[in-house]
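Working through the structure, step by step
Letter by letter, the chains look like this.
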Amino acid sequence: MLLSIQQRYILEAIRKLGCMRRDQLLILTRERFRRSDLIISERRMEAMLRQLRNGVADFRLEGDLVTCTQALPNAQRLEAIDVMLELTGGTPLDFQGRLRHPLLLQFTWEQAPGSIRPVTIADLPPVEQGRMERLEQYRRARVVWLCGDNRLPEDLSLPSNHFIAIRKADGLHVFYGSNGL
């Protein structure tokens, strides 16, 4: 099956991340090809996804989820993708989601011309599981930590360039940390 450039990008994104929601995939693909003559609408995206489902053996559409694996979707990775899309405006330079726990997602983005920033999104461990040791392990990285209970932890001191992302009622995130992202 011949795939368009956009469909090849969709497959690459799904294979890197494992699973995405359709709305996340639409934002990522639309922003990636914004400068081209092709406008990726919801209708065009649905047509491309149907073609991929019918032509690529491991490509799956399951409700709102798009996947290329048999693995169950990871809710925290889906939230990590939301955080990545918020921070980058849907335009990460690169990303990778097939990582070992507690890491959920790594991506790079150009915050300003010539200012490329690598960011890691990870699952914040509970206090009883040696949280401070785990935070210290990533001291030199720029890390956004997701809390399982979506509440700001009490008495947590974050290293420089570490942040906590808390989802607000409107679905967007607010970021708490020691300095600017």
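So, here's what we can say about the structure. (Residues numbered from 1 in each chain as written. Predicted model: local features only at pLDDT ≥ 70, side-chain atom pairs only at ≥ 80, totals over all residues. Heavy atoms only, no water.)

1. Let's talk about the pattern of salt bridges
Side chains that differ in sign of charge can pair as their charged atoms come close. Condition: Criterion for a salt bridge: a side-chain nitrogen of Lys or Arg within 4 Å of a carboxyl oxygen of Asp or Glu. Numbering of helices and strands runs from the N terminus, with a helix taken as a DSSP run of H or I at least four residues long and a strand as a DSSP run of E at least two residues long. Accessible area is worked out with a 1.4 Å probe on protein chains only. A residue is then buried under 20% of its type maximum, exposed over 50%, and partly exposed in between.
As enumerated under the stated definition, the model contains 9 salt bridges in all. Note that arginine 167 is salt-bridged to aspartate 82, the shortest N-O span being 2.8 Å. Separated by 85 residues along the polypeptide, arginine 167 in strand β8 (residues 162–167) and aspartate 82 in helix α4 (residues 75–88) bring together distant segments of the chain. Among the residues examined, arginine 167 registers a relative accessible area of 27% and is labelled partly exposed.

2. So, the sheet that holds strand β6 (residues 115–123)
Short version of the rule: What makes two strands pair is DSSP finding at least two bridges between them. Between the N-to-C directions of two axes lies an angle of 0 to 180 degrees, each axis being a line fitted to C-alpha atoms and, for a helix, fitted only over the stretch in contact.
Pairing is mixed across the open sheet formed by 6 strands, whose spatial order is β4-β5-β6-β7-β8-β9. What marks the edges here is a single partner per strand, and that holds for β4 (94–96) and β9 (173–177). With direction set aside, neighbouring strand axes in the sheet form an average angle of 25 degrees. Of the strand pairs in this sheet, strand β7 (residues 143–146) and β8 are connected by 4 bridges, and their pairing is parallel.

3. Section: the nonpolar core
What counts is decided by this rule: Nonpolar cores were defined as sets of buried Ala, Val, Leu, Ile, Met, Phe, Trp, Tyr and Cys residues, with membership established by side-chain atoms within 4.5 Å. Contacts are assigned to residue pairs that have any heavy atoms within 4.5 Å of one another.
Within the largest apolar cluster, 40 residues are counted, with the highest numbers of intra-cluster contacts made by Ile10, Leu25, Phe59, Phe95, Leu105 and Phe107. A per-element tally of this core places α4 first, with 7 residues. Excluding residues within four positions of it along the chain, isoleucine 10 makes contact with Leu25, Thr29, Met45, Met48, Leu49, Leu52 and Phe59.

4. Concerning the sheet that holds strand β2 (residues 60–62)
Spatial ordering of the open sheet is given by β1-β3-β2, a layout of 3 strands whose pairing is antiparallel. Every interior strand has two partners, whereas the edge strands, β1 (19–21) and β2, have only one. Taking the axes of each pair of neighbouring strands and ignoring which way they run, one obtains an average angle of 25 degrees across the sheet. Looking at chain direction, β2 and strand β3 (residues 65–67) are connected through 3 bridges and run antiparallel. Paired with glutamate 62 across the bridge in β3 is leucine 65. Across the sheet, helix α1 (residues 5–17) is in contact with β1 and β3; its angle to β1 comes to roughly 115 degrees. Sitting on the sheet, α4 touches β1 and β3, and the angle it makes with β1 is about 60 degrees.

5. Observations concerning the packing of helix α2 (residues 22–32) against α4
How two helices sit against one another is set out by the angle between their axes and by the gap between those axes. Worth spelling out the cut-off: Should an angle lie under 35 degrees it is considered roughly parallel, over 145 roughly antiparallel, and from 65 to 115 roughly perpendicular; all remaining angles are considered oblique. Each crossing gets its handedness from the near helix: less than a right angle anticlockwise from the far helix is left-handed, clockwise is right-handed. Residues are grouped as follows: nonpolar covers Ala, Val, Leu, Ile, Met, Phe, Trp, Tyr, Cys and Pro; charged covers Asp, Glu, Lys and Arg; every other residue, Gly included, is treated as polar.
With their axes 11 Å apart at the nearest point, α2 and α4 run at an angle of 30 degrees to one another. In terms of orientation, α2 and α4 fall into the roughly parallel class. Note that α2 runs across α4; the crossing there is left-handed. Contacts from Gln24, Ile27 and Leu28 of α2 reach α4 at Leu78, Ile81, Asp82, Met84 and Leu85. The residue makeup of the contact of α2 with α4, split by class, is 6 nonpolar, 1 polar and 1 charged.

6. Concerning unusual backbone geometry
A cis amide bond, omega 20 degrees, links histidine 101 with the succeeding residue proline 102. Position of proline 102 relative to the elements: it lies in the loop between β4 and β5 (103–112). You will see that asparagine 161, though not glycine, has its phi angle at about 70 degrees, which is positive.

7. Let's talk about the packing of aromatic side chains
Put simply, the rule reads: Put simply, two rings from Phe, Tyr or Trp (the six-membered ring, in Trp's case) pair if the centres are within 6.5 Å, and we call them stacked under 30 degrees between planes, edge-to-face over 60, tilted for the rest. For a lysine, the NZ atom is tested; for an arginine, the CZ atom; a charge sits over a ring if that atom is within 6 Å of the ring centre and within 35 degrees of the ring normal.
Counted by the stated rule, this structure contains 1 aromatic pair. Relative to phenylalanine 33, the ring of tyrosine 9 lies with its centre 5.7 Å away and its plane at 85 degrees, an arrangement referred to as edge-to-face. Here tyrosine 9, found in helix α1, pairs with phenylalanine 33, found in the loop between α2 and α3 (42–55); they are 24 residues apart in sequence, far enough to count as distant. Phenylalanine 33 matches tyrosine 9 in its accessibility class, with the two residues each being buried. The ring of phenylalanine 95 has lysine 16 lying over it, and the distance from NZ or CZ to the ring centre is 5.1 Å. Over the ring of phenylalanine 33 we find arginine 32, and its NZ or CZ is 6.0 Å from the ring centre.

Read these as spatial facts, not as claims about activity.
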